[in-house]
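Okay, here's what each chain looks like letter by letter:
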Amino acid sequence: MTDLTAVDATLAPAEKPANRPAKKPERPYFSSGPCAKPPGWSADKLSADSLGRSHRAKIGKTRLAYCIDLMRELLNLPETHRIGIVPGSDTGAFEMAMWTMLGARPVTTLAWESFGEGWVTDAAKQLKLDPTIIRADYGQLPDLNGVNFAHDVLFTWNGTTSGVRVPNADWIPADREGLTFADATSAVFAYEIDWTKIDVATFSWQKVLGGEGGHGVLILGPRAVERLETHTPAWPLPKVFRLVSKGKLAEGVFKGETINTPSMLAVEDAIFALEWGKSIGGLTGLIARSNANAAALNRIVEERDWLGHLAADPASRSTTSVCLTVEGADEAFIKSFAALLEKEGAAYDVAGYRDAPAGLRIWCGATVETADIEALGPWLDWAYATVKAA
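Everything numeric in this text was worked out from a predicted model, so none of it was measured.

Caption draft 1: Inspection of the overall build of the chain at higher detail. Check the secondary structure of the chain and you find nine helices and 14 strands. Its C-alpha radius of gyration of 22 Å places the chain within 12% of the 21 Å reference for a compact globule of 390 residues. Reported as C-alpha extents along the three principal axes, the dimensions of the chain are approximately 75 × 50 × 30 Å. The burial tally for the chain puts 57% of its 390 residues in the buried class. Partitioning the intrachain contacts of the chain with sequence separation of at least 6 by distance along the chain shows that 73% fall at a separation of at least 24. Put simply, the chain shows about 16100 Å² of open surface, and 50% of that area lies on carbon and sulfur atoms. Charged side chains of the chain number 39 positive and 48 negative; the gap between the two group centres comes to 7 Å.

Caption draft 2: Broad picture of the packing of aromatic side chains. All told, the structure shown has 13 aromatic pairs when counted by the stated rule. Between Phe 155 and Trp 171, the aromatic rings sit 5.0 Å apart at their centres with planes inclined by 75°, giving edge-to-face as the arrangement. Of this pair, Phe 155 sits in strand β4 (residues 152–156) while Trp 171 is found in the loop between β6 (164–165) and β7 (180–183), placing the two residues 16 residues apart along the sequence. Both residues of the pair, Phe 155 and Trp 171, belong to the buried class. Geometry around Trp 41 places Lys 37 over its ring, the cationic atom sitting 5.0 Å from the centre.

Caption draft 3: Region of interest: the sheet that holds strand β13 (residues 321–326). If you walk across this open sheet you meet the three strands as β12-β13-β14, and the pairing is antiparallel. Of all the strands in the sheet, just β12 (307–309) and β14 (360–363) have a single pairing partner and so form its edges. Geometrically, the sheet is characterised by an average inter-axis angle of 35° between neighbouring strands, direction not taken into account. Helix α6 (residues 282–302) rests against β12, β13 and β14 of the sheet, and its axis sits at about 130° to β12.

Caption draft 4: A look at the nonpolar core. With 87 residues, the main nonpolar core has Met 71, Phe 155, Trp 157, Phe 189, Trp 205 and Phe 337 as its most contacted residues. If one sorts the elements of this core by residue count, helix α5 (residues 264–279) sits on top with eight residues. With residues near it in sequence (within four places) discarded, Phe 155 still touches Leu 110, Trp 112, Val 166, Trp 171, Ile 172, Thr 180, Phe 181, Ala 182, Asp 183 and Ile 198. Counting residues in hydrophobic clusters, the runner-up holds 29 residues, among them Ala 97, Leu 102, Phe 181 and Val 200.

Caption draft 5: Representation of the sheet that holds strand β8 (residues 200–204). Judged by pairing direction, the sheet is mixed, and its seven strands sit side by side in the order β1-β9-β8-β7-β4-β2-β3 without closing on themselves. Pairing within the sheet leaves two strands with one partner each, and these edge strands are β1 (82–87) and β3 (132–135). Along the sheet, successive strands turn relative to each other by an average axial angle of 20°, direction set aside. Here β4 runs beside β7; their pairing, made up of four bridges, is parallel. Of the residues in β7, the one forming a bridge with Val 153 is Thr 180. Where helix α4 (residues 222–230) meets the sheet, it contacts β1, β4, β8 and β9 (215–220), and its direction lies at approximately 95° from that of β9.

Caption draft 6: Spotlight on the side chain of His 151. Summarising the element assignment, His 151 is placed in the loop between β3 and β4. Filtering out sequence-adjacent residues up to four positions away, His 151 remains in contact with Pro 106, Val 107, Thr 108, Thr 132, Gly 178 and Leu 179.

Caption draft 7: Spatial organisation of the pattern of salt bridges. Inspection of the entire model under this criterion finds 16 salt bridges. Linking Glu 251 and Arg 82 is a salt bridge whose minimum nitrogen-to-oxygen distance equals 2.8 Å. Residue Glu 251 is found in the loop between β11 (248–249) and α5, and its partner Arg 82 is found in strand β1; the two are separated by 169 residues along the sequence. Take Arg 82: its relative accessible area is 24%, and that puts it in the partly exposed class. Overlapping salt bridges, with partners in common, bring together Lys 37, Glu 212 and Asp 269 in one network.

Caption draft 8: Looking closely at unusual backbone geometry. Between Gly 33 and Pro 34 the backbone carries a cis peptide bond, its omega angle lying at -10°. In this fold, Pro 34 is placed in the segment before α1 (58–75).

Caption draft 9: A look at the pairing of β7. In β7, alternate side chains face the same way, and those of Thr 180 and Ala 182 on one face and Phe 181 and Asp 183 on the other are all buried. Two strands pair when backbone bridges link them, and β7 and β8 are joined in this way by three bridges, in the parallel orientation. Bridge pairing in β8 places Ala 182 opposite Ala 201.

The rules we used
Residue indices begin from 1 for each chain and proceed along its sequence in written order. Predicted model: local features are reported for residues with pLDDT of at least 70 only, side-chain atom pairs are reported and counted for 80 or more only, and whole-chain, interface and lining totals are derived from all residues. Side-chain numbers come from the whole structure's heavy atoms, not from hydrogens or water. Numbering of helices and strands starts at the N terminus; helices are DSSP runs of H or I of at least 4 residues and strands are runs of E of at least 2. Taken over C-alpha atoms, the radius of gyration is set against a globule rule of 2.2 Å times the number of residues to the power 0.38. Only protein chains enter the accessibility calculation, which uses a 1.4 Å probe; a residue whose area is less than 20% of its type maximum is buried, one above 50% is exposed, and one in between is partly exposed. We call two residues in contact whenever any of their non-hydrogen atoms come within 4.5 Å of each other. A 1.4 Å probe and the Shrake-Rupley method give the accessible areas. Residues count as covered only by the protein chains that appear here. Think of it this way: Lys and Arg go in the positive column, Asp and Glu in the negative one, and His and the chain ends go nowhere. For this purpose, a charge sits on NZ of Lys, CZ of Arg, CG of Asp or CD of Glu. Planes of paired rings set the category: under 30 degrees apart is stacked, over 60 is edge-to-face and the rest tilted, where pairs are Phe, Tyr or Trp rings (Trp by its six-membered ring) whose centres lie within 6.5 Å. Two conditions define a charge sitting above a ring: the NZ of Lys or the CZ of Arg must be within 6 Å of the ring centre, and it must be within 35 degrees of the ring normal. In short, DSSP must find at least two bridges between two strands for them to pair. Orientation is described by axes fitted as lines to C-alpha atoms, over the contacting stretch for helices, and by angles from 0 to 180 degrees between their N-to-C directions. For this analysis, a nonpolar core means a set of buried residues of the types Ala, Val, Leu, Ile, Met, Phe, Trp, Tyr and Cys, connected via side-chain atoms within 4.5 Å. A pairing counts as a salt bridge when a side-chain nitrogen of Lys or Arg comes within 4 Å of a carboxyl oxygen of Asp or Glu.

Spelled out as structure tokens, the structure:
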């Protein structure tokens, strides 16, 4: 391990770990979206039989349905819940849910990072629903016991830009009156989710699966379907948001008949990731890999007095998008820090989110190898010492 005295700014410029020697991460991809591809991925391993064909042809519909079936299997999703591929990534899926189902009841929005704040803006300024807003600062979780479940409730399961997650679904009552809307894009395939507590969930393939962007996934429980079939929104709906036809759910959307034309290459990419996930033990295997990565990064943090977790409480600390504080760092410091690591090919895309406090964000989802997390330590030391000395 690098001698921590190397971070003293009065010393000579830091020696690169490669000269000591120290191993670089073999796959230095630590972006929190799009995330690292699954191990062993290459473009030539993707099936191309559906490319150049109509997505409504038998081959296209079959592959789309297969993708949906794989997602259901890996998520242990009950048959009571429908799952469909929709446009616009996780944002498109969540806004589709908001625009089609909100307005029947009062709304409570929870926000402890930038994406939760986005749903606050949509509910308050776009849909003008005058929501109850429960906020917490970056790194904190709001008081979940204060949520009124007579309302429809919007929250992010895992705050990608703050590294804070809900620890479980115990705070959600089984006999709730309103619907629960979970933006789960950095959570699905990384945590156990009690689907009986979730009426609407959304995510994109580009997070834990390391898939391509542009497509979202919408999961609807039976109470959400009932809302769609009994509630007519007060505002007009764009075509890409319409999930109901003649008062009934458009069931085809949840069988591979997408609302707009999907990229079949992105679908094949998602199928590769899902089959890989199945091959390593399904959800249990995916969770174990994320947990091992987060534990390896936590050991690095605990060994350094200049590095810390933005999420102070381990119970609500993300094991996917791990956000770190750097002693004395401002935005310019972090920009230089991340640029040094990228130039050396030691770590890509590790700067924190632009709206978050200055710091690092290192993706620890299942597609990352634990050995690559472990190899980061000396390189973080070198980058910190180099920028501080400068």
